Each structure stands twice: as structure tokens, then as C-alpha cells.
There are 2 protein chains.
Amino acid sequence: MSPWKAAHVGDHFDQIDTPALVLDLDIFERNVKCLQDALAGTGVRLRPHAKSHKCPDIALRQIKNGAVGICCQKVSEAAVFVDAGVQDVLITNQVVGAKKVSHALDLAARARIGVLVDHEEQIRAFAQASETRKVKIDVYIEIDVGMGRCGVDSIEQTVALARQIEQAPYLNFMGLQCYHGSAQHYRLPQERKDAIAATCATATATKAAIEKLGIKVERITGAGTGSVMLERDSKVFNEVQAGSYIFMDRDYAANQRDGLDLPFEHALFIKSAVLSHPTKDRAVVDAGLKASSVDSGMPAVWGRDDARYLKASDEHGALELTVDSTLKLGDAVMLIPGHCDPTVNLYDELICIRGDKVEAIWPIAARGALL
Amino acid sequence: MSPWKAAHVGDHFDQIDTPALVLDLDIFERNVKCLQDALAGTGVRLRPHAKSHKCPDIALRQIKNGAVGICCQKVSEAAVFVDAGVQDVLITNQVVGAKKVSHALDLAARARIGVLVDHEEQIRAFAQASETRKVKIDVYIEIDVGMGRCGVDSIEQTVALARQIEQAPYLNFMGLQCYHGSAQHYRLPQERKDAIAATCATATATKAAIEKLGIKVERITGAGTGSVMLERDSKVFNEVQAGSYIFMDRDYAANQRDGLDLPFEHALFIKSAVLSHPTKDRAVVDAGLKASSVDSGMPAVWGRDDARYLKASDEHGALELTVDSTLKLGDAVMLIPGHCDPTVNLYDELICIRGDKVEAIWPIAARGALL
């Protein structure tokens, strides 16, 4: 990491060195409240996904505002949050290998921990290790609801796995993980509606088949920022896992034109600066591939219409300028990342501003927690 | 970062937890020797680019093997290497803003430091600050040799900048940065030959125009892994900056079919593992966007032909399997990243193996050094 800091608490916005990851606290707080308000009184719990922010300061604020706990994607990521005081973490992923199972059970001895399974071998490993160690852990079966990644895609097989979990004394069968990741990014509202309707039909049928055996399906959980209102209103889901809503990246915001989504606002920015301005129609900023993930497209230039982010190389971002552009060497350029999750994972700290002052600096403590 | 380590020195390869960034030391050492041997006796110096590895252990080995120093892309990155004992760093980038100029001069007081300029304002800032502090710093003019990013694109303007540098008592005009980044990735050898021939013509003409004023152009520097033999044989360049040759990613290796390039081998791998195997034709590994940058395409599966890496999401990599695939849940899968530089920047450590043993663990100390 850098031997010096991009900013210090109390700095003016102009003093923040570049590139830096900047969180606008007023907007962040509105986003947190917006989703919590939308869920209030519906009986649907919020368990926001912490893979988006990897930041205990944010998780603790989400919980203080009503979230029941958080989701993580990796055992080592979950460990960072448990160390910071989060008491309820669902690892929305399969945990495979003796080392990882052992680390997950270490955490389960200290906090409420859940894991996903989609294969009998995963259940066998957790059944044996949890019994040996006398540590209880929550287990959810992941259903492939249409995204074609992990998850079981037959009711028969899901029922067999539920029965296997029930038979293990230290495994606590909780329910079904029904996350449709790709649906989050469908541009047409009707496509998203259809995808989540199909997800709900699968979840309902699977739940019924399991409960026919007398095994309670307490939780149907899933959903992300791009579809969360659909799951909220489904009468099928009783927990949602949106994560990106606190930040709103360029890709999610592109869906908001249609009225299906809550009015989340951009709260996360990359502050960059012009380091070269070689021609009238081109400037280069100091934020490239190591400052903004481009897997969902280039970052957007924020708050000015005389520049467009055209191309990223490792440490450069080439901007195309209009003929009347006023951008100068050294000027700050605020960028909205295309995809917030892998972008946040590039930084060690979030520079939190309110108005034009740096109010706090929050460590992205689970950055690089890959194991 | 993860609260526990992926591996320890002495571990067997099978014990390395996943995902982890693995360097094969035998291959790495062959790559280092291969380029050094290719330059021996040519009068062309090697100043390898450290933005690829961000690892002082590697830089010090490159220097021990004959490199004159290193390149960095950021001032904070350079600081990490100077702290580790590297005495000669060229920052191949424009350094803009009072804070950054001041940090660069801090380093120049402790080691030989160079920076690039392509605008009179950058020179003015360094001229004033270096004179105030009585600290000398090397300055190179960046020429736009065809990649259309930073750099001056007229000889007249370059000559004016050289004169401006010469007049500043603490600025040491060294020569020209003539890096053609895009040429590194042209697939056809003839395209690369043409691009570097044009680069050399521009460099030669610019040098002549500057030297006509009695200003010595001591150094013409540039080149990368995809074109380094062309610059070596150019009689124009006297320093080359290849970086990725030590690792060889999938993209650079795709150029090696044609005999233009040195026989660098893949030395850098992501060790991943199968966490889900939901259907006969699909498995999912635990290395996604946060374990491998996909800006130059998906990683390649190494050493097996029954699986292809199809799609990356944040923490998942979906593999397409052949009908006779033998891949099982929990199996290790070695991946070759599409682009090594931003992939290395995702990890805190390089797990260095020799044969099937972990011989060393090298911190990627400049990871995240963005400033």
C-alpha cells in the first residue's frame, strides 16, 4: 500500500490526493435509510451483502439501522467482520476443503454463521467436522434459480440434501438461497419481473416439497439491488441481500430509468486528476485499471459533460473531450465506477466526506480477503 | 486482507489455500536470465517495469541480475522500492500536483529518481520545487510515438520543453521516453515491426532536433515485453523497460507463436479450487473478478484440456467442461491470468514455489500504492 495517506480527517475535499475512493456520507446515509424504509413493516428482513463494501464501519451502521446481520462471500471476509463485532454472517457461498471448513467452524463458535451447500459432499464435510467439534452452524441449500452458476437445479435433489442436513446433529437447516445474480442487470423491467417470478415459483415448489417431509424451511433468502423490490413484494422471500444500493455504481444506475427501482443515488466516487492534456480533445487522468474495475464497462465522468472516459490502461484513464472542454492539467475529475464491488477491493480506505470536508476514513478491512 | 495466510514456507503445493497467487521460481529465474542474456553485450540497458510485480524481492533480484534500476508508475510505488533499497527509479509517468511533486523530491534526495513531462507546467512545477529544495531530479520528455495516450506529438514542442528543462538548475534532462504500449499487444509480428520502426524514426528525428541546440539526449528508453527485441536491435533505444516477461500472462503469450519474441514461459498462476460442480458440463472455481483481472479477457485454465474458464463474477469463475472431464469438487485448478499487472495488484503476497514446495513468500509491498 501507499506509504502515505490520500487524506486525513478534517481535510478539505480539494486536499484529497488522487486517485482516492470517496464516499459521500449524506448520500450513503440516504441510501441506507431508503432501503430500510422500503422494507419496514413488510416482514422481509435485510441482510445486506458486505462483499460490496468489505468495510466493518459500514456493516455496523447497516445493522444499527435495522439489518439483521450481513452476507459475506468468503470465510476470511466473514472473519474480518466477526472480529469487528458483527454477530450474524451468512457466507453466501459453498465452503469446500478441510481448512476452510475448519475456519468457518472457528467463526461459528463465536457468532451465528451460515453457509451454502449444493452437493452432498459439502454437507458430509460440515456434518463430520461440526460433530467432532460440537459447534453448530446454519446451512442453506443454494438453488439454481436461473443464473446457471452454483446451485441445485432439481427439486428431488434439493429434498435429498435437506434430509441429509436434517440428519446431522450440528447442522441447522435454515432454508433456501435463491439469488438470481444475472437478473440484477437485465435492462428491461419486464425481464427482471419475469426472472424473479420464475425464481419465486421454483422457491415455492421446492419449499413445499421439503416441508412435505416435515422439515421446516424457515428462510428464503436472496435478491440484490437490481431486483430487491420484486423479492420484497413476492410473499415468498423473507430476507433480502442487496449490497450495492449503498454505493450505486454506473451499471446498477442504468436500470433506474424505469421506475421499478428505489431512488438510490451515487454515493461512491473515484477522485482522479488530470496528469496529461496532450491534445485539445484528449486528457489523461491518474485512475486506470488499478483504480477502477472495468469488467462492467468504463467508469462514468461525474458532474461534467465535456469529458467521457474512453479507455483504461493500468494507471491511466484516457478522456475524450468536447471541443469546448474547460478541463485543465491538474483538475480533479470525479468518476463513478462501472462495478462497485471489485473497485472497492482495490483500495485500503474509504475517504468519507460530508459537504467539502473529510469527516472520517474507514478501513476497507476485508479488502483482499480471498480465502 | 485475510486474517490468515494462504501458505507458509515449507508447505507442500497441495497445502496452499485458494485462491492464491503462485510464482514458479524455476520458471521465473529462467525468464529473468532469458532477457538479461538477450541484452548482454548489446549496450542496451534493462530497467524493468516494477508496476507488473510491485514486489521489492523481485526488483532486487532483477537488479542483482544486471538491471540498472527499475521503472515505477506512481510516486508512492517508487517510495516502496526506495524504502526496500532500490537506488534508481524512473517514474514513467507525469507527476502533477504540489503534494506529488514534493513526495517525488523527497525520494530524489535519497535515490536517483526520474520523472516524465509532456507539458511546460509540469516542468515549471518541478523547476521551482527542486530549486527551492536544492534537490536534483532526472527529467525525460514523453513522446507520443503512436499510442495516443500521454506524450508530446510535435518535434517543435519537444525541443521547447527540452530547452525549458535545460534552463532549470536542478532538473537534469536525460532524454526521451518512447513507449508504444499498444504495439505490445498487436497480434501480427509485422504490425509490431512497423509500429516500432515508426517509433524509432520519431525518436531519431526528435533527438537530432534537440541535439542541434547543443542539448545532449543521453537516453532513449521505452519498450515492453511484446516488442523488446525490436527496440534492442533498433540502434536507437539504449534502455528497455519490459516488465511482464518475468510472469508471462495469457495475452502476451498469445503473441509468442510467431518467433519474434523471446521464449518466456508462464511463471505466474492463480491456484483456485472447485467449490461447486452442479452439472456435468459446469464447475465453479473460487477465483473470480477479485482474484484475476479480466480487462484483457478471461484467465486460461493451465495444464488440462477438459475445462475452459467461461465467465467471472465477483468471487466465482464458471468453467465449461468437456463431456469426459474428470474435474471433481475440491480439485485445484491452475489459472493463467489474462493480464498480470492488475491481477498481481489484487494480492498481498506471492506464494513462491520450487517443484512442489513453498520456498518463499514475497510481499507485494506496493500493492494498492495508487498515489
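Whatever comes next refers back to the structure up there.
In this text the structure is predicted, and so the values were computed from the model without any measurement. (Residues numbered from 1 in each chain as written. Chains lettered and ligands numbered in written order. Predicted model: local features only at pLDDT ≥ 70, side-chain atom pairs only at ≥ 80, totals over all residues. Heavy atoms only, no water.)

Right, let's get into helix 7 (residues 189-211) of chain A. All names here are of chain A. Here helix 7 is 23 residues long and its end C-alpha atoms lie 32 Å apart, about the 33 Å a rise of 1.5 Å per residue gives. For helix 7, the complete set of buried residues consists of Arg192, Ala195, Ile196, Thr199, Cys200, Ala203, Thr206 and Ile210. Those residues of helix 7 that are buried lie in contact with helix 6 (155-166), strand 7 (171-177), strand 8 (219-222) and helix 8 (228-232). (Helix = DSSP H or I, 4+ residues; strand = E, 2+ residues; numbered from the N terminus. Expected span 1.5 Å × (residues − 1). Buried < 20%, exposed > 50% of the residue type's maximum accessible area, 1.4 Å probe, protein only. Contact = heavy atoms within 4.5 Å.)

This next bit is on the packing of aromatic side chains. Residue and element names in this part refer to chain B. Throughout the structure, instances matching the rule amount to 6 aromatic pairs over all chains. Ring centres 5.7 Å apart and planes at 50 degrees place the aromatic pair Phe269 and Trp302 in the tilted group. In this pair, Phe269 is assigned in strand 10 (residues 268-279) and Trp302 in the loop between strand 12 (300-301) and strand 13 (307-312), connecting sequence segments 33 residues apart. Just above the ring of Phe13 sits the side chain of Lys271; from NZ or CZ to the centre is 4.7 Å. (Phe/Tyr/Trp six-rings, centres within 6.5 Å; stacked < 30°, edge-to-face > 60°. Lys NZ or Arg CZ within 6 Å of the ring centre and 35° of its normal.)

A few words on helix 2 (residues 56-64) of chain A. Residue and element names in this part refer to chain A. All of the buried residues along helix 2 are Pro56, Ile58, Ala59 and Gln62. Seen along its axis, helix 2 keeps its buried residues to an arc of 160 degrees; they face one direction. Contacts made by the buried residues of helix 2 are with strand 1 (20-24), helix 1 (25-39), strand 3 (70-72), helix 3 (75-83), strand 16 (349-354) and strand 17 (357-363). After helix 2 finishes, the residue Gly66 shows a positive phi value of roughly 120 degrees. (Arc of directions from axis to C-beta.)

Moving on, we get to the interface of chain A and chain B. For interface size, the figure often reported is the accessible area lost on association. The partner chain B presents 68 residues to the 68 residues of chain A that form the contact. Across the interface of chain A and chain B, roughly 5700 Å² is buried in total on both sides, 56% from carbon and sulfur atoms. Across the contact surface, chain A and chain B share 8 salt bridges. Across the salt bridge formed by Lys100 of chain B and Asp17 of chain A, the nearest N and O atoms sit 2.7 Å from each other. Counting across the chain A and chain B interface gives 37 residue pairs in polar contact (both at pLDDT 80 or more). Across the side of chain A that touches chain B, the residue classes break down as 26 nonpolar, 20 polar and 22 charged. (Buried area = accessible area lost by both parts, 1.4 Å probe. Salt bridge = Lys/Arg side-chain N within 4 Å of Asp/Glu carboxyl O. Polar contact = N/O pair within 3.5 Å; in protein donor to acceptor, adjacent residues only side chain to side chain. Nonpolar A, V, L, I, M, F, W, Y, C, P; charged D, E, K, R; others polar.)

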